[in-house]
Amino acid sequence: MYEPQTRNLIGMAGIMAWMIGWIAAIVTFSDTISAWPVLVQAVFYLVTGLIWILPLGRVMMWMATGSWKKPSGE
């Protein structure tokens, strides 16, 4: 299918596109968020700052192995 070098390039491009889209989505709501209390803002940014990486696990697995699923032995 894809050679490892090509797979890594495609995966990194996808990760960068995901990050740009995620940041754009959060910035879109910045006016609304800035009206919230500071502690609520802090929790919101902490959660959104960590949750963006969850969907990338499968992409990184694909980049490393060429498969979207975990190897059956693990």
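Before any of the text, the structure's been laid out above.
In this text the structure is predicted, and so the values were computed from the model without any measurement.

Thresholds applied
Position numbers for residues count from 1 along each chain, tracking the sequence in the order it is written. Whole-chain, interface and lining totals are the exception, using all residues; otherwise, since this is a predicted model, local features are given only for residues with pLDDT of at least 70 and side-chain atom pairs are given and counted only at 80 or more. With hydrogens and water set aside, each side-chain value is computed from the structure's full complement of heavy atoms. Strands are runs of DSSP state E lasting at least two residues, helices are runs of H or I lasting at least four, and both sets are numbered from the N terminus onward. In this description the radius of gyration comes from C-alpha coordinates, and the expected globular size is given by 2.2 Å times residues to the power 0.38. Think of a polar contact as two N or O atoms within 3.5 Å of one another; within protein, one of them needs to be a possible hydrogen donor and the other a possible acceptor, and neighboring residues in sequence only count if both atoms come from side chains. Whether two residues are in contact is decided by their heavy atoms: any pair within 4.5 Å suffices. Orientation is described by axes fitted as lines to C-alpha atoms, over the contacting stretch for helices, and by angles from 0 to 180 degrees between their N-to-C directions. Working definition: roughly parallel below 35 degrees, roughly antiparallel above 145 degrees, roughly perpendicular at 65 to 115 degrees, and oblique for all remaining angles. Rotating anticlockwise by less than a right angle from the far helix to the near helix defines a left-handed crossing, while the corresponding clockwise rotation defines a right-handed one. Three exposure classes are used, based on accessible area relative to the maximum for each residue type with a 1.4 Å probe and protein chains only: buried under 20%, partly exposed in between, and exposed over 50%.

Caption draft 1: Just the overall build of the protein, in detail. Summing up its helical and strand segments, the protein has four helices and zero strands in all. Its helices and strands in sequence order give the protein the pattern α-α-α-α, from N to C terminus. The C-alpha radius of gyration computed for the protein amounts to 17 Å, which surpasses the reference 11 Å derived for 74 residues by more than 25%, pointing to a less compact arrangement than a globule. With the principal axes as the frame, the protein shows a C-alpha extent of 50 × 25 × 10 Å.

Caption draft 2: Spotlight on the side chain of arginine 7. Structurally, the position occupied by arginine 7 is in helix H1 (residues 4-28). Reaching out from arginine 7, the side chain makes a polar contact with the backbone oxygen of tryptophan 62 at a distance of 3.0 Å. At 3.2 Å, the side chain of arginine 7 and the backbone oxygen of methionine 63 are in polar contact. Residues in contact with arginine 7, not counting those within four places in the same chain, are Tyr2, Trp62, Met63, Ala64, Thr65 and Gly66.

Caption draft 3: Representation of the packing of H1 against helix H4 (residues 56-65) in the model. In contact at an axis separation of 8 Å, H1 and H4 are set at 165° when each is read in the N-to-C sense. Looking at the two axes, H1 sits roughly antiparallel to H4. The element H1 and its partner H4 pack so that their crossing is left-handed. When H1 is examined against H4, the residues Arg7, Asn8, Ile10, Gly11, Met12, Ile15 and Trp18 are found in contact with a partner set consisting of Leu56, Val59, Met60, Trp62, Met63, Ala64 and Thr65.

Caption draft 4: Fine view of H4. Of the residues making up H4, those classed as buried are Leu56, Val59, Met61, Trp62 and Met63. Elements in contact with the buried residues of H4: H1.

Caption draft 5: Spatial organisation of the environment of alanine 24. Its location among the elements puts alanine 24 in helix H1. It is 21 Å that separates the C-alpha atoms of alanine 24 and glycine 57, two residues lying 33 residues apart in sequence.

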